[in-house]
Amino acid sequence: FQRKFHAKWWASRIFAYGNVKIKLLPVTHYTDGKVSPNDATYMILRDFTRYRIEFKDPKGRTQIASFKDFPKSNYCAYARGISFMGTASHVLNFARVGAPPLLGKIFTFISGHEAKFDGINSYDKAFFSWGFMQFAGGGRSLHTLLALMKYRNPELFYDVFQRFGIDVEYTFSNNRFQPTATRLVVFVPNPSDGKTILKGEEAEKHIRSNKFLHAVFIRAGHNQQVAELQALFAMYEYANPALKRSITVLGQKIKTTDIISSEAGMAALVDMSINKGVGGAARLFQNAITATAAATGIRSVSQLKGINEAKILQNMISANRADKRIAKRVGAAM
């Protein structure tokens, strides 16, 4: 059991980012081959749980999903969280949500190693991530995605989320959802006054700890309309800004896609924009293009048009070896 469930690893594991340090188990004591009261092995034996949920999808078919907690990962910030790749695959008409064929192809590629439309990650510092691009909590994109769903199709949003106590507050102005006025809301039943209302980060943490609400999100991901709204949001939130973003190379400001124009390059650009943010992805590409230009003797912007994109992507991987996600995802795009 200790080997299979990595009890020694859990006993010593501390997740740290910035000034935050999270002890994943409340104990550090561990003895190989033995269970002691309240030591790491005991805690895992007591708390480890496998979950199985069953529901009807919109076509009346019975769907079953199973997942477990205690995911061993260097990104784990919450031991009772889960990593569920999902099972909901949809053949989407990307043109119906305004996505060009190439973008539809890129989205299909990305979902192959992010997750399915019902996929969930609730173990890392983002609290709760859901969907085919793992739209993340922690002030990132999950709350805005739900706001778009509620804004575009309130009846659908009621059926898949609101009637189970999951809601979102938002202000839509100047053709966008205002970040400071958009937040997740959860209504939690309690015996005293009927319900407790949690908002923002507290709502996300409650969903992270509540596996019934995990099931609500999994069920939602099996709805075709929900999947298309995920794709629409991904186009506006990540793909369009990433493909229009400018970077500074050789002292001049140019669009990233003036240099990165292959399917592999654009897939890596959109994928990194999801994983690192549009600004973070732009910096990765700016640094990799600059390094590749220097190594190949390119000194003018006009010469950049013929630069080897494969070398750019390889330089990006080489310069960020400590980040395995970059190597995995950019490598997959190549």
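Notes on the structure follow. Because the structure is a prediction, the values reported are computed rather than measured.

1. Topic: the overall build of the protein
Of the regular secondary structure elements, the protein holds 12 helices and 15 strands. Compactness check: the protein gives a C-alpha radius of gyration of 22 Å against a globular reference of 20 Å for 334 residues, within 12% of the reference. A principal-axis box enclosing the C-alpha atoms of the protein has dimensions of 65 × 55 × 35 Å. Across the 334 residues of the protein, 51% fall into the buried class. In the protein, of all internal contacts separated by at least 6 residues, the share reaching a separation of at least 24 is 56%. Of the roughly 16400 Å² of accessible surface on the protein, 50% is carried by carbon and sulfur atoms.

2. Things to note about the sheet that holds strand β8 (residues 135-136)
Hydrogen bonds between backbone atoms are what pair the strands of a sheet, whose relative direction is either parallel or antiparallel. Pairing within the open sheet is antiparallel, and its 4 strands lie in the order β5-β6-β7-β8. Among the strands making up the open sheet, the edge pair consists of β5 (83-84) and β8. With 2 bridges joining them, strand β6 (residues 120-121) and strand β7 (residues 129-130) adopt antiparallel strand pairing. In the strand pairing of β7, Asn121 is matched with Ser129.

3. Section: the pairing of strand β1 (residues 14-17)
When β1 meets strand β2 (residues 20-23), the two strands line up antiparallel, connected through 4 bridges. Looking at β2, one finds that Phe15 is bridged to Ile22. Taken together, β1 and the strand that follows it, β2, pair antiparallel across an intervening segment of 2 residues, in which Gly18 is found at a positive phi of about 60°.

4. Thoughts on helix α9 (residues 263-295)
Taking 1.5 Å of rise per residue, 33 residues should cover 48 Å, yet α9 covers just 24 Å from first to last C-alpha, more than 12% shy of that figure. The axis of α9 is deflected most strongly, by about 120°, at Lys276.

5. Remarks on the environment of Pro189
Looking at where Pro189 falls in the secondary structure, it is placed in strand β12 (residues 183-190). Placed 24 residues apart in sequence, Pro189 and Gly165 show a C-alpha to C-alpha distance of 8.8 Å. The contact partners of Pro189, leaving out residues within four places of it in the chain, are Gly194 and Lys195.

6. A short note on the pairing of β12
Across 4 bridges, the pairing between strand β9 (residues 166-169) and β12 is antiparallel. Its bridge partner being in β12, Asp167 is matched across the sheet by Val185. Where β12 and strand β13 (residues 194-199) come together, 6 bridges link them in antiparallel fashion. Bridged to Phe187 within β13 is Ile197. Following β12, the chain reverses through 3 residues before pairing antiparallel with β13.

7. Some points on the sheet that holds β9
Ordered in space as β9-β12-β13, the 3 strands form an open sheet in which the pairing is antiparallel. On the outer flanks of this sheet lie β9 and β13, each paired with one strand and no other. The sheet shows a mean angle of 30° between the axes of neighbouring strands, taken without regard to direction. Those strands touched by helix α4 (residues 142-152) are β9 and β12, and its axis lies near 95° from that of β9.

8. Re the side chain of Asp57
The residue Asp57 is located in the loop between β3 (50-56) and β4 (62-68) in this model. When its relative accessible area of 6% is taken as the criterion, Asp57 is described as buried. Here the side chain of Asp57 touches Arg61 through a polar contact of 2.8 Å, side chain to side chain. Excluding residues that lie within four positions of it along the chain, Asp57 makes contacts with Gln63 and His222.

9. Here we look at the environment of Phe164
Assignment of secondary structure puts Phe164 in the loop between α5 (154-160) and β9. Of the residues examined, Phe164 reaches a relative accessible area of 25% and is grouped as partly exposed. In the structure, Phe164 is positioned 37 residues away from Glu201 in sequence and 19 Å away in space, judged by C-alpha atoms. In contact with Phe164, not counting residues within four places along its chain, are Asp159, Phe212, Leu213, Val216 and Arg219.

10. Re the packing of helix α6 (residues 201-209) against helix α7 (residues 211-221)
Packing of α6 against α7 brings their axes to within 5 Å, and their N-to-C directions diverge by 95°. Relative to α7, the element α6 is oriented roughly perpendicular. Residues His206, Ile207, Arg208 and Ser209 of α6 form the contact with α7, whose participating residues are Lys211, Leu213, His214 and Phe217. Of the residues that constitute the contact of α6 with α7, the class distribution is 3 nonpolar, 3 polar and 2 charged.

Rules of the game
Residues numbered from 1 in each chain as written. Predicted model: local features only at pLDDT ≥ 70, side-chain atom pairs only at ≥ 80, totals over all residues. Heavy atoms only, no water. Helix = DSSP H or I, 4+ residues; strand = E, 2+ residues; numbered from the N terminus. Rg over C-alpha atoms; globule rule 2.2 N^0.38 Å. Buried < 20%, exposed > 50% of the residue type's maximum accessible area, 1.4 Å probe, protein only. Contact = heavy atoms within 4.5 Å. Areas by Shrake-Rupley, 256 points an atom, 1.4 Å probe, with all protein chains shown as cover. Pairing = 2+ DSSP bridges. Expected span 1.5 Å × (residues − 1). Bend = angle between axes of the 7 residues up to and from the residue. Axes fitted to C-alpha atoms, helices over the stretch in contact; angles between N-to-C directions. Polar contact = N/O pair within 3.5 Å; in protein donor to acceptor, adjacent residues only side chain to side chain. Parallel < 35°, antiparallel > 145°, perpendicular 65-115°, else oblique. Nonpolar A, V, L, I, M, F, W, Y, C, P; charged D, E, K, R; others polar.

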